[in-house]
Structure formats: C-alpha cells, structure tokens
Amino acid sequence: MVVKQVFDDKIEYISIIDENGNADAALFPKDVDDALVLRMYKRMGFARDFDAKLLSLQRQGRAVTYAPLLGEEATQIGSAFAMGEKDIFVPSFRQHAVQIERGIPLELLFIYWMGFEEGCVVSKPLRYLTNAVPVSTQLPHASGIAFAQKYNNTGAAVVVYVGDGGTSEGDFYEALNFAGVWKVPLVVIIENNQWAISIPRAKQSAALTLAQKAFAAGIEGMQVDGNDVVAVYKAVKDAIRRSLSEGGPFVIEAITYRMGMHTTADDPTKYRDSSDEAIWKNRDPLLRIRKYLSAKNLWDDDKERELHEENVKTLDAALEKAEKFVPDPSSVFKNVYSFMPDVLSSELSAGEAAGYWLGD
Amino acid sequence: MQANMVMAINDALRIAMENDSKVVLLGEDIGKDGGVFRVTEGLLAKFGEKRVIDTPLAESGIIGTSVGMALAGLRPIPEIQFAGFMFLGFSQLVNHAARFRSRSRSTLTVPMVVRTPVSGGVRTLEHHSESPEVYYSHMGGLVVVEPSSPYDAKGLMLSAVKLDDPVVFLEPTKLYRLFKQDIPDGSYEVPIGKANVLREGNDITIITYGTMVNVVQKTVDAKKVDAEIIDLRTINPLDTRTFVESAKKTGHVVIVHEASESFGAGAEVAARIAEEAIYELDAPILRVASPSLPYPFPGYEKYYLPNEKKIAEAIDKSLSS
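Because the structure is a prediction, the values reported are computed rather than measured.

**Q** For this particular structure, what's the right way to read the sheet that holds strand β14 (residues 286-290) of chain B?
**A** Strands pair in a sheet through their backbones, by hydrogen bonds, and they do so in one of two ways: parallel or antiparallel. Residue and element names in this part refer to chain B. Taken in spatial order, the five strands line up as β9-β11-β10-β13-β14 in an open sheet, and their pairing is mixed. Edge positions in the sheet fall to β9 (196-199) and β14, since each of these pairs with one other strand and no more. Neighbour to neighbour, the strand axes of the sheet diverge by 25 degrees on average, direction disregarded. Judged from the five bridges that link them, strand β10 (residues 204-208) and strand β11 (residues 227-231) form a sheet pairing that is parallel. Bridge pairing in β11 places Ile207 opposite Ile230.

Structure (structure tokens):
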C-alpha cells in the first residue's frame, strides 16, 4: 500500500496600499511611480463619474437597465492599465471602466446603454469584445481568442472578466480547462464583488477561495485586494507577462465589493445588511488612493473638484453626440447574415411598405 | 472519385485545409481516431496537431472556443460527436454564434462550420439519433444545411467553409456509408440557400431533405408517379421560391422529414406555401414525419420513422382529393 501526497498548492493574497493610504514599501512595484498612481486615481474618478451619469440617465428613462460598477473601480482601472497595447479584453457586462480605458469611444458606450447595437461596433484589429450578458459564456470565447493568438504567434494576451457568480457556471470551468490544456496566453480576472444579485459569496461556492478553481484546470491562481489599484495593476501585469512568456493561463481573484445594486432593476435593501455596506465604505478604492496622494501633497479638494468638473464636461459632450444617433430599423435586417435571405428582405420590405419601421 | 458521404466530407475538409491555413478542426476523438465515424481520418497525419485538435470532452467548450477562434480570424470547423450532445453547446450557438454579426453591426463575424451527425435508423443508443435542424433554424443568424448525397456533402462543405457566417452542418448518420457516388476530385461548390430539384414532375410536389430523400425517391420510382422531388439541402434560410413555384405547378404537396412533425420544418414549408399559393392548390398540404414525441429506443425506431409505405399513402391521399 502506498499513501503519498499527490497534490499541493496554495493561494496567495496581496494588498499593497491599505485602507488608510499606507503603502507597503517592500511590495510596492518598481514600475509604478506616483505619476502612474495619480493617473490611475484620476481614471477611477472618471469611471465613478461615468457610472453616476449612466445611473442618472437610466432613472430619467434615457438609458436601459444598467449595471453599475460603483466600488469596483480599482479592479477595473488597475487591470486596464496593466494591459499592453496589443492585449485583447473580453468583458462580462460590468467592466465599463476597462472599456473606456481600452479606447471604446464614450459615445458608443452611451449608444449601447441607450439600447442600440450600433454601440457595439468594433474596430479592427480585434482589441476587445463588447458585453456578454448570459454570464460566463464569454470565457470560452476568450480561450478561443487566446488560442488564435498562440496559433498566429501575435504576442498578445487575452484578459477576460467574470464575476463571483459566474465561477459557478459550466462555461467558466470548460474555458479554464481548454486554456489549461492548450497553454494559451489567457488571464482570467474573477471580479469578486461578493454578490450575484442577491446571492452572497458564501452561498455561491463552498470553496474557500474562487481562485483555487484554477487548480482543477491545472493552472495557477491568486487573490488580490481588488480595492487596491496598485496591487491589481501588479497582479495583472505579472500574470500577463507569465501567460505570454511561460505560455499558460492564470487566474486572479480580485476581492472587491459591489457598493451599489446589481442593476438598476435591483434593490439590495431586500437582501443585504447595511452594516456590511458600511464596512466596505471604509474600503472604498478611491478613498485610500486619495489619502495616499494627499499625504504626498499630490492631491487636494480643489484638484478633486476640478477633476470632477472636467469629467462631467467630457461625459456631457459625448452624450450630446450619442443622443444625435438616428436609429435605422433596416439595420436589424441587414446584419444577420453575410447575405440577405429572401425571407428577411420580404419581411423588411413588407414592414417598410406598411410603415412599421418609420418610428413613432 | 467514387465516394460515400464520409469520404466526400473528408475530402472537402482536406481541400479546405490545404486552401486556407486559417481552417482548423477541433473536437472529441477527431485526431488519431479520425472521429467516431472516421470523417476526419488521416487529417491529423497530414496537417498536424496544431490544426487537428483533440479537445477535452465538453461541447459548450468546443463550440464556445470555436466562436472565439472565429472572432479572432480563424475558420474553425468543430465536430460535435452526436447531435444529442450538441445541446450542451446550444447556448453558445444561439446566444453568441448566431448574434455576434447582428449585435456588432457586422463588425464581428463568426465564420465557423459546426459539424454533427444527425438522425436515426442506425440502431444506436439514446441521444444518437436526433434530428435537431429546427432548433438551430428558429432564431435566425445560423445557416443550417443538411446534405443527402456524397456530391452535395462535399460541395456544401466547401461552400460552408468560405461563408462568413456560422453554419450548422448536419450529416445524416444513416447516409454516411449508404451509397457511393462519382464525385469530382477537385474543389467545387454546391450553393447554400438553394434547394435542389432532384426530379421534375407535374402531378405532385414532394419536399424533403436529409435521410428521407432516398426514401422518397424509392417510393416515387415504385409508384411510377410523376412527382417533382425537391431536396431543401439548406433548412435555414429556406429557398421558398423553388418549392412555392413547384406547388403552384402541381397543385399537390407532400412534405417528408424524419424530425418529429409538430413545429417541424414541414410546418414552416407548409405555411409558406399556404401564404403564397393556397388558391392554386388542389388538395390540402400533407406532412409525413415522425410522431411528436422524444426519439424512442432503437427497438422501436422502425415504427417511429417515416417509411415508403407512409409516404405512398400520403401521395395517394393527396392525389385522390
């Protein structure tokens, strides 16, 4: 009889800047200077202003159901800044800040949230996909896109996002498993915001960490303080480098918190304790960096006000352009196939003749 | 070359891979094993593991990663081992493959061909005999083709690989080795979206596809009826014009398919004819299809499947009214 240990691994958690804005000098990445921290802080501020804008538009009936990112700015901005020019970004449906940083025009994001496919047009070469709503189904796409990068030897990695709830889906595991077998350059970011609508993290999985789900696919995983933009930046940058140089996927579980609602159709007071919210308010990802920068005299109230005013101007200008968008109902018929089948052309022309597609 | 359907599809895949280095094959057991029906036999040896990929056993993973490959510029041809297992990848097909073009206003496309064996009559286990064509046709965005001969199989595959749309390529298991045909050695295409008038006739129009094509042909030959036989070949989008014109000419219509009758392709064909030609018909449109129930175990399939007797009775009924 033989008894031996055949598997052993561990999950590390890193945090660099704490809730009080104090940085761990030993862990602080060499390639991050204060100028970069300042830039990331400003972009987190922009993300929060974008979020507030969309929330307000939805409440006014000018946008469809919207999924706020409030509280998850550090996970999104830190990871977006870590990506290289060529890397490809695959979102779930809450990574608005990453979309903005990856260069999706604000105007398109507004058009998307106004409810039009024209907000999802993508430029070439492929640098990102647009939102995937069914939960986790974007992960196999990311593995396939990563396969194509390896196949064509492009030197680009793929960074895909999924929520804590999404890790319970079959596609999450299937995608990790394929990527593990294929050893493709894929970084999976589990944006663990503790809640999948009303289901808390504890009810989602009995696993101690979600990062350890990587082990089942034979790949490595880690946790990062998802409210620490510097720690996220470091973790994702290292993971991208590893995925390219060592040829293999990597899973990062970013521990963050959904400070707002799941979507504008949701009411967290039905299921969430406000004391929980209070704890996480102290861990606000913007607050700690503001403390960090203020202590170095790099930030103050005036700068904060100016930033906010500038953001609002930028957002309003983009929104003004977006609201000039004129929908073309025939576009829903013309983009289904590479050719126009008889059935669609007759449905389109019959609808046009009857005036169904002329608007209100 | 003399080829059965397996050889014809294999030849088409070889030609497609030789013509375009972006074409990759992936699926369960498609490498050394050559696929459980041997459709990919010899292709691993010829093109290597980089392009002929044995995958983990996960249908959603196979179709979902193929979607990603296609978005990134490759032209994947995934194989799903049996149609009954393809439902595990259904979400990827209907939620993503079918929608990427429309939801990106044609800035993203999914050029892939999902191959799977379909239909019964081969006395095999549960979940190996389904005829799922309508599931993939209903929502729009997927092209669904089903050849009934080696010639059409090779030509449709070579068309499908070039198409910038996701294609569900249904291969009737029963026809894989049923007969050989003389087909061209080189490349040729059978148009997608175009039905095939297999036999011209004046008295009755019989519209069919897949496993039922040769059963209909035998029935018509035996009955010596002057029937026009139309093989749809493409289920979605339908070549409505061809069968509506034929219905107007003959005034009698029988639709024959193996998939169960309720909500089947026959319902769609019948509705199109009714909308466009009902006053030119001399008899009600009839359907011959399997009963509206889950596919039975192999012991019962001979009762379940449409056959020459059922088709002959429908022809008689139509012509006598």
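**Q** Mind showing me how you'd approach the domain arrangement of chain B here?
**A** As a measure of interface size, the accessible area lost when the parts come together is often cited. Residues and elements named next belong to chain B. Considered domain by domain, chain B is made up of domain 1 (2-182) and domain 2 (196-320). Summed over both sides, the interface of domain 1 with domain 2 buries roughly 1,800 Å², with 55% coming from carbon and sulfur. Scanning the region where domain 1 abuts domain 2 turns up one salt bridge. Arg233 serves as the salt-bridge partner of Asp152, at 3.4 Å between the closest nitrogen and oxygen. In this structure, the connection of domain 1 to domain 2 is made through 11 residue pairs in polar contact (both at pLDDT 80 or more). Elements supplying a minimum of two residues to the side of domain 1 that touches domain 2: α6 (133-138), β6 (143-145) and α7 (150-162). Grouping the constituent residues of the side of domain 1 that touches domain 2 by class yields 11 nonpolar, eight polar and seven charged.

**Q** I would appreciate a short explanation of the sheet that holds strand β7 (residues 220-225) of chain A in the present structure.
**A** Residues and elements named next belong to chain A. Spatially, the six strands line up as an open sheet ordered β1-β7-β8-β4-β3-β2, and their pairing is parallel. Only two strands of the sheet have a single partner each, and these edge strands are β1 (13-14) and β2 (88-90). Here three bridges tie β2 to strand β3 (residues 158-163), and the two strands are oriented parallel to one another. Pairing of Phe89 across the sheet is with Val159, part of β3. Running over the sheet, helix α2 (residues 73-82) touches β3, β4 (186-192) and β8 (250-255) and is turned about 165 degrees from β4. Packing of helix α8 (residues 229-245) onto the sheet brings it into contact with β1, β3, β4, β7 and β8, and relative to β7 it is tilted by some 160 degrees.

Conventions and cut-offs
Residues numbered from 1 in each chain as written. Chains lettered and ligands numbered in written order. Predicted model: local features only at pLDDT ≥ 70, side-chain atom pairs only at ≥ 80, totals over all residues. Heavy atoms only, no water. Pairing = 2+ DSSP bridges. Helix = DSSP H or I, 4+ residues; strand = E, 2+ residues; numbered from the N terminus. Axes fitted to C-alpha atoms, helices over the stretch in contact; angles between N-to-C directions. Domains from an automatic or database assignment. Buried area = accessible area lost by both parts, 1.4 Å probe. Salt bridge = Lys/Arg side-chain N within 4 Å of Asp/Glu carboxyl O. Polar contact = N/O pair within 3.5 Å; in protein donor to acceptor, adjacent residues only side chain to side chain. Nonpolar A, V, L, I, M, F, W, Y, C, P; charged D, E, K, R; others polar. Contact = heavy atoms within 4.5 Å.

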